[in-house]
Amino acid sequence: MKTGLLVIKPGIHAVVQDQGRNGYQHLGVTPGGPADAMAANWANRLLGNAPGTALIEITAGGTEFECQTQSMISITGGDLNLTLNGKPQIPWRSFWVRQGDRLKFGYPRHGFRAYVSVQGGFQLPQTLGSCATVLRDGLGGLHGDGERLRKHDFLPCAHLTEEGIARQIPELYLPDYNAPLSLQLIPGYQQHQFSKASWQTLWDNEYELLPESDSMGARLSGPALSIPEGNLLSEGVCYGAVQVPGNGQPIVLLQQRQTLGGYPKLGAILPLSGYELAQRAPGTKVRFQPINITNAQQQMRRYLRFFGL
Amino acid sequence: MKKPLPEFSIAGVDAILAQFGDRMDEQLPFYLAKVRERLLDKYKGIIREVVPAYTTLLVYYEPRAIRLYDLEQCVEQAAAEVAWPISMSNAGKLVEVPVCYGGDFGPELTRVAAQAKLSEAQVIELHSEVEYQVAALGFAPGFAYLSGLHEKLITPRLETPRKKVPAGSLGIAGAQTAVYPFAGPGGWNLIGRAAMRWFNPRPELASDAMTPVEVGDRVRFKPVSAETLNALLRCSEEN
């Protein structure tokens, strides 16, 4: 008999993710991957899984599973009022689940996205070396068609004979998703074409995260930036690139971004800021703060080393 | 055009943008494709991905393996090693794409003709006699931005984008022409429908490559009748 998790309710937006689809951006294929890679990495680390092991990403909650296996499971990221058989559970830990157990995510209390991993990972089909779900491209996912999880979907995973050791993440490492967020921006791309006044406007003001945001891009709203004149030919856009279209409102491009963009760009935010941004609900106010490339690379180095990436 | 030298800007924490001049040239896409290959070949483990588009290469690298300054030297070196001018006679493969112009497949053919003050037949002739060049692949998997559109056919985007453009639609937006690989929203003027699969996500299962064209390749559209197009579409569905 196959063992795994059965989707009772898919909720608002639950998808499967892994490290993403790397090496195909020159053909127009976006990398994808978890919106909050930090929380996803923690979920796997709690179980001793290799980084990038396939897991579930739940955005905004409403998802319910029935365990048709017994396994160690980990929950990280946003606190979405998780219950196990009706009993409230706090995230950022691993625990034992048995046949018939019900895991139910409510609506966000803190943060916006939760990650669910199982020991050994889910066994999922890969497209171009990854199961990462990208709706727009129709790639990845449980059925390989880029769709989100649906009712009655079954996510196969191993059946463990022995209960593992429950772990939790030291409080020191727990992110505070309610803290004010400053996006660390590495100035780059067309930075010199934006006026001094535009830069001042960017540093001095708060920008609100709009509901139209998704894992392709975070759309912000605030005082408009005046954009450089002239037509830009489309060019490659990296993770965190901040592009400013004609209306002067910045868009931060995230994991599922288009591979090319034709709007002027201020630079790119530090990926660690992007992961934090992924945990903010629409309506949250954020600021921008400059960071130089050396400091930015140092911070990323520390993060990558910590997770063995 | 003289051989363009790269100028660098930081893109993000692990990417730089190398800009090769500021205008398009027919040699450039093929040249950039060559530089890209060379970079990936020579610097495995240091350079992870290179995304070409029009006049630029976005170079993703491993900051733990190389310093920014040295990386720029590597790109300069690779760019210097690729010959210029490119011999255009064997530059990139030529792919012929059967297209049924006009009718239900190309509702804006009349609009393009009207603004160009040409007949529909003349528009088809101007559009299908050119060898286009793939200047960039992006926006969606397999979406090829083609350069070389006859200037008479330059047509602004639709004021209100369509909610759904059928897969395979051939369109014009400004000076660009391209085929939509997938159904989706879009504001391009649709002038026909092409019978060709632009993206194959499972190259291991099929005989065709992931994308029929890459940056630097050339494309020519071959006008066919609606019957021929439908037959070709049926045929590709069966595969």
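Residues numbered from 1 in each chain as written. Chains lettered and ligands numbered in written order. Predicted model: local features only at pLDDT ≥ 70, side-chain atom pairs only at ≥ 80, totals over all residues. Heavy atoms only, no water.

Chemist: Break down helix α3 (residues 109-116) of chain B for me, with residues and values.
Modeler: Residues and elements named next belong to chain B. Leu109, Val112, Ala113 and Ala116 are the residues of α3 that are buried. Here the buried residues of α3 occupy an arc of 100° about the axis, which is enough to place them on one side. Elements in contact with the buried residues of α3: β5 (94-101), α4 (120-128), β9 (169-173) and β12 (189-194). Of the residues flanking the end of α3, it is Lys117, one or two places downstream, whose phi is positive at about 55°. (Buried < 20%, exposed > 50% of the residue type's maximum accessible area, 1.4 Å probe, protein only. Helix = DSSP H or I, 4+ residues; strand = E, 2+ residues; numbered from the N terminus. Arc of directions from axis to C-beta. Contact = heavy atoms within 4.5 Å.)

Chemist: Quick rundown of the domain arrangement of chain B? Include the residues and the values.
Modeler: Residue and element names in this part refer to chain B. Taken domain by domain, chain B consists of domain 1 (6-90) and domain 2 (94-238). Each of domain 1 and domain 2 has a C-alpha centre, and the two are 28 Å apart. In this assembly, 11 residues from domain 1 lie in contact with 10 residues from domain 2. For the pair domain 1 and domain 2, the summed buried surface comes to about 780 Å²; carbon and sulfur atoms form 57% of the total. One can count 0 salt bridges joining domain 1 with domain 2. The tally of links from domain 1 across to domain 2 stands at 3 residue pairs in polar contact (both at pLDDT 80 or more). Sorting the residues of the side of domain 1 that touches domain 2 by element identifies α1 (28-42) and β3 (47-53) as the ones contributing at least two each. Broken down by element, the side of domain 1 that touches domain 2 gets its largest block of residues, 3 residues, from α1. Classifying every residue of the side of domain 1 that touches domain 2 by side-chain character gives 8 nonpolar, 1 polar and 2 charged. (Domains from an automatic or database assignment. Buried area = accessible area lost by both parts, 1.4 Å probe. Salt bridge = Lys/Arg side-chain N within 4 Å of Asp/Glu carboxyl O. Polar contact = N/O pair within 3.5 Å; in protein donor to acceptor, adjacent residues only side chain to side chain. Nonpolar A, V, L, I, M, F, W, Y, C, P; charged D, E, K, R; others polar.)

Chemist: How would you explain the packing of α1 of chain B against helix α2 (residues 68-81) of chain B if you had to name every residue and give the values?
Modeler: Between two packed helices, both the angle of their axes relative to each other and the distance between the axes serve to describe the pair. Residue and element names in this part refer to chain B. Orientation of α1 relative to α2, taken along the N-to-C sense of each, is 125°, at an axis distance of 9 Å. Considering the angle they form, α1 stands oblique to α2. The chirality of how α1 crosses α2 is right-handed. Between α1 and α2, the contacting residues are Tyr31, Val35, Arg38, Leu39 and Lys42 on the first element and Cys74, Val75, Gln77, Ala78, Ala79 and Glu81 on the second. Counted by class, the contact of α1 with α2 contains 7 nonpolar, 1 polar and 3 charged residues. (Axes fitted to C-alpha atoms, helices over the stretch in contact; angles between N-to-C directions. Parallel < 35°, antiparallel > 145°, perpendicular 65-115°, else oblique. Left-handed = near helix turned anticlockwise from the far one by under 90°.)

Chemist: Talk me through unusual backbone geometry; I want residue IDs and the actual numbers.
Modeler: With an omega of 0°, the peptide bond between Trp84 of chain B and Pro85 of chain B qualifies as cis. If you trace the backbone, Pro85 of chain B turns up in the loop between α2 and β5. Phi at Asn85 of chain A takes a positive value of approximately 50°, unusual for a residue other than glycine. Relative to the helices and strands, Asn85 of chain A resides in the loop between β6 (83-84) and β7 (87-88). Asn85 of chain A gets classed as partly exposed once you look at its relative accessible area, which sits at 42%. A positive phi is found at His152 of chain A, a non-glycine position, where the angle reads about 75°. Within the secondary structure layout, His152 of chain A lies in the loop between β10 (110-118) and β11 (154-156).

Chemist: Report on the packing of α3 of chain B against α4 of chain B, specifying residues and quantitative values.
Modeler: Residue and element names in this part refer to chain B. Between α3 and α4, the shortest axis-to-axis distance is 9 Å and the interhelical angle comes to 95°. As summarised for this structure, α3 and α4 are arranged roughly perpendicular, according to the angle between their axes. Where α3 abuts α4, its residues Leu109, Thr110, Val112 and Ala113 lie against Glu120, Val123 and Ile124. A breakdown of the residues in the contact of α3 with α4 according to their chemical character gives 5 nonpolar, 1 polar and 1 charged.

Chemist: Any details on helix α2 (residues 196-204) of chain A? Residues and values, ideally.
Modeler: All names here are of chain A. Among the residues of α2, those classed as buried are Ser198, Trp199 and Leu202. For α2, the arc enclosing every buried residue in end-on projection is 100°, short of the 170-degree limit, so these residues lie on one face. Away from its buried face, by an angle of more than 90 degrees, α2 presents the exposed residues Lys196 and Ala197. Buried residues along α2 sit in contact with β12 (181-187), β13 (207-209), β19 (265-269) and β20 (285-290).

Chemist: So, the nonpolar core: which residues are in play, and what are the values?
Modeler: Residue and element names in this part refer to chain A. Counting 46 residues, the largest nonpolar core has Leu183, Leu185, Leu202, Val252, Leu266, Leu277 and Phe288 as the members making the most contacts within it. Of all the elements, helix α1 (residues 37-46) adds the most residues to this core, at 6 residues. Setting aside residues up to four positions removed in sequence, Leu185 forms contacts with Trp199, Leu202, Trp203, Val242, Leu266, Gly267, Ala268, Ile269, Phe288, Gln289, Pro290 and Ile291. (Core = buried A, V, L, I, M, F, W, Y, C linked by side-chain atoms within 4.5 Å.)

Chemist: Tell me about the side chain of Gln133 of chain B, residues and numbers included.
Modeler: Residues and elements named next belong to chain B. Position of Gln133 among the secondary structure elements: in strand β6 (residues 132-137). Taking the relative accessible area as the measure of exposure, Gln133 reaches 6% and is therefore buried. At 2.6 Å, the side chain of Gln133 and the backbone oxygen of Glu26 are in polar contact. In contact with Gln133, not counting residues within four places along its chain, are Asp25, Glu26, Pro29, Phe30, Met88, Tyr145, Leu146, Ser147, Gly216, Asp217 and Arg218.

Chemist: Explain the sheet that holds β7 of chain A residue by residue, including any values.
Modeler: All names here are of chain A. Read from one edge to the other, the open sheet built from 6 strands follows the order β7-β6-β9-β4-β1-β11, with strand pairing classed as antiparallel. Both outer strands of the open sheet, β7 and β11, are each paired with one neighbouring strand and no more. For strand β1 (residues 4-9) and strand β4 (residues 64-68), the ladder comprises 5 bridges, and the chain directions are antiparallel. Note on β4: the bridge partner recorded for Val7 is Phe65. (Pairing = 2+ DSSP bridges.)

Chemist: Tell me about the confidence of the model for chain B, and please be specific about residues and values.
Modeler: Here chain B shows a mean pLDDT of 91. Residues at 70 or above account for 98%. Overall fold confidence for the complex sits at a pTM of 0.93, while the interface term, ipTM, reaches 0.95. (pLDDT = per-residue confidence, 0-100.)

Chemist: Describe the packing of aromatic side chains, naming the residues involved and giving the relevant values.
Modeler: All names here are of chain A. On inspection of all chains with the given rule, the structure shows 21 aromatic pairs over all chains. Considering the side-chain rings of Trp42 and Phe307, the 5.3 Å spacing of their centres and the 85° angle between planes classify their relative orientation as edge-to-face. A residue pair is termed long-range when its members are at least 10 positions apart, and Trp42 in helix α1 and Phe307 in the segment after α4 (293-306) qualify at 265 residues. Judged by relative accessible area, Trp42 falls into the buried class, the value being 7%. Here Phe307 falls in the buried class, since its relative accessible area comes to 8%. The ring of Phe306 has Arg45 lying over it, and the distance from NZ or CZ to the ring centre is 4.2 Å. Lying over the aromatic face of Tyr189, Lys265 brings its terminal NZ or CZ to 5.2 Å of the ring centre. (Phe/Tyr/Trp six-rings, centres within 6.5 Å; stacked < 30°, edge-to-face > 60°. Lys NZ or Arg CZ within 6 Å of the ring centre and 35° of its normal.)

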